[in-house]
Amino acid sequence: MLNYRNALGEMPSYDGVERDFRIKVNANESTMNLPPLVEERVSNRLGYLALNRYPNEEYDMLVEQIAKNFGVAKSQALLGSGSSEIIEKVFHAFGGAGKKVVYPQPSFSMYKIYAKAAESEGVPFDLDKKFDLDVDAFIKKIREVKADLAVICNPNNPTGNALAVAQIEEIAKSIDCALLLDEAYVEFYGHSAFGLIKKYPNLIVARTFSKAYGLAGARVGYMLAQEDVTRMINKTFMPYHMNVLSLAAADIVYQMRDEFVSRIQMTIAERQRIFEQLKKLRGVEVFPSQTNFILIRLEKAATLNEYLESLDIGVRHFSANAAGLKNCLRISIGTRIENDEVFAAIKNFLHKV
């Protein structure tokens, strides 16, 4: 008989099953591959890699770039396989039996899973009907349960809304536990709370190359915090946990990040354009977004999802047990042509029902 770890059978899992839709706007990915000039530079760089060597040099080069851009010491930055790995390690660093982590819901579904994996008690905090976070009540909850870690996704996935930097600061200064700020979508918002780490030693900021910079397949993210925090969290990573191919690609992308500015601006403009169009549809509740996706709610969400799939269009439909997301669909922003086709399909569906 195989003896698995206690409670492994009850561990929730992330639904990562994907289908190759003709129009794929279900995963908050960049709808385009790398800009041609960036792609060329990445291809050239990969050809010169020493695959027989561990990726120490490539890791250090990317950390140095990131640290220089943010004006911090190299010792204040860590890399991970996407910000997801970094978040998981933060949960591990501050978790364990008897530890508690507070996070809003609905938010990134992996928070619940990471808490369970770290053998911590996850304490979800409900957002209101408009998916806004009551900052004072959130602080009160953190204090009441004597949390060891609090987590905020800002802007929030899957709701799209965001807290102001002043609200993040209010939370950071009002609690005495670690505060993890997940800024996976911050490039589409434009207001990072990174600057607060100099003032608040409990603040940890996680970011990713997966969304704005189109490297979801490479799995690269980074973390910024005060030096004593990064030193401890670094102990949770295995040696050589990043691969040289991803590191080299991310290094080029970060060097050439100005090449992505127009794409980010286009996504923001398209997000606003589609938001205004969706608001005109009767029976559809559209939530404001500061990300690269829009969340909508309608009574026949499940039927609409089936209709879109019949047209080979993939959006994200949330299961019935997703807290606060009943009858919700999340639609990533694609190209203008893709966005127009998705909108036309939704409009046509509503005319039929």
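Anything mentioned here points back to the structure above.
Since this is a predicted model, take the numbers as computed values, not measurements.

1. Examining the overall build of the chain
Right, so step 1: A tally of helices and strands in the chain yields eleven helices and 13 strands.
Right, so step 2: Expected size for 353 residues packed as a compact globule is a radius of gyration near 20 Å; at 21 Å, the chain falls within 12% of this value.
Right, so step 3: Here the chain, with 353 residues, has 52% of them falling under the buried criterion.
Right, so step 4: When contacts within the chain are restricted to residue pairs at least 6 apart in sequence, those whose partners lie at least 24 apart make up 72%.
Right, so step 5: For the chain, the computed accessible surface area is about 17300 Å², with 50% contributed by carbon and sulfur atoms.

2. Quick notes on the pattern of salt bridges
Right, so step 1: Here the structure, examined in full by the defined rule, presents 16 salt bridges.
Right, so step 2: Here D251 makes a salt bridge to R45, at a shortest N to O gap of 2.9 Å. Here D251 is found in helix α8 (residues 244-255), whereas its partner R45 is found in helix α1 (residues 36-46), with 206 residues between them in sequence. For the pair D251 and R45, a shared accessibility class is recorded, and that class is buried.
Right, so step 3: Linking E169 and K199 is a salt bridge whose minimum nitrogen-to-oxygen distance equals 3.0 Å. Of the two residues, E169 sits in helix α6 (residues 165-174) while K199 sits in the loop between β6 (178-182) and β7 (203-208), which places them 30 residues apart along the sequence.
Right, so step 4: Here the residues in one salt-bridge network are E270, R273, R336 and D340, joined through shared partners.

3. So, the packing of aromatic side chains
Right, so step 1: Across all of its chains, the model carries 16 aromatic pairs by this definition.
Right, so step 2: Where F70 meets F194, the ring centres are 4.7 Å apart and the plane angle is 65°; that geometry is what we call edge-to-face. Here F194 lies in the loop between β6 and β7 and F70 lies in helix α2 (residues 56-70), a separation of 124 residues in the sequence.
Right, so step 3: Judged by relative accessible area, which is 14%, F70 ranks as buried.
Right, so step 4: Aromatic pair F131 and F287: ring centres 4.7 Å apart, planes at 55°, arrangement tilted. Here F287 lies in strand β9 (residues 285-287) and F131 lies in the loop between β4 (121-126) and α5 (135-145), a separation of 156 residues in the sequence.
Right, so step 5: Exposure remark for F131: the relative accessible area of 3% places this residue in the buried category.
Right, so step 6: Taken together, the ring pairs in this structure connect F70, F194, F209, Y213, Y222, Y254 and F260 into an aromatic cluster.
Right, so step 7: Between the NZ or CZ atom of K89 and the centre of the ring of F237, over which it lies, the distance is 5.9 Å.

4. Structural notes on the side chain of N26
Right, so step 1: Along the chain, N26 falls in the loop between β1 (23-24) and α1.
Right, so step 2: For N26, the side chain forms a polar contact with the side chain of K24, separated by 3.3 Å.
Right, so step 3: The residues contacting N26, other than those within four sequence positions of it, are E18, F21, G314, V315, R316, R330 and S332.

5. Some words on a negative patch on the surface
Right, so step 1: A contiguous patch of negative charge on the surface is contributed by D128, D132, D134 and D136.
Right, so step 2: Mapped onto the secondary structure, D128 falls in the loop between β4 and α5.

6. Observations concerning unusual backbone geometry
Trans peptide bonds make up the majority, and among non-glycine residues the majority have a negative phi.
Right, so step 1: With an omega dihedral of 0°, the bond running from Q105 to P106 counts as a cis peptide bond.
Right, so step 2: Its location among the elements puts P106 in the loop between β3 (100-105) and α4 (110-117).
Right, so step 3: Omega for the peptide link from N157 to P158 comes to 20°, which places this bond in the cis form.
Right, so step 4: Note that P158 resides in the loop between β5 (149-153) and α6.
Right, so step 5: Even without being glycine, R219 reaches a positive phi, approximately 60°.
Right, so step 6: Mapped onto the fold, R219 is located in the loop between β7 and β8 (221-224).
Right, so step 7: With relative accessibility at 33%, the residue R219 sits in the partly exposed group.

7. Description of a nonpolar patch on the surface
Right, so step 1: Together, L2, Y4 and L8 make up a nonpolar patch on the protein surface, roughly 370 Å² of accessible area in all.
Right, so step 2: The exposed category is assigned to Y4, whose relative accessible area is 60%.

Calculation notes
Residues numbered from 1 in each chain as written. Predicted model: local features only at pLDDT ≥ 70, side-chain atom pairs only at ≥ 80, totals over all residues. Heavy atoms only, no water. Helix = DSSP H or I, 4+ residues; strand = E, 2+ residues; numbered from the N terminus. Rg over C-alpha atoms; globule rule 2.2 N^0.38 Å. Buried < 20%, exposed > 50% of the residue type's maximum accessible area, 1.4 Å probe, protein only. Contact = heavy atoms within 4.5 Å. Areas by Shrake-Rupley, 256 points an atom, 1.4 Å probe, with all protein chains shown as cover. Salt bridge = Lys/Arg side-chain N within 4 Å of Asp/Glu carboxyl O. Phe/Tyr/Trp six-rings, centres within 6.5 Å; stacked < 30°, edge-to-face > 60°. Lys NZ or Arg CZ within 6 Å of the ring centre and 35° of its normal. Polar contact = N/O pair within 3.5 Å; in protein donor to acceptor, adjacent residues only side chain to side chain. Patch = residues over 30% accessible without salt bridge, like charges linked within 9 Å, V, L, I, M, F, W, Y side chains within 5 Å. Lys, Arg positive; Asp, Glu negative; His and termini not counted. Charge placed at Lys NZ, Arg CZ, Asp CG, Glu CD.

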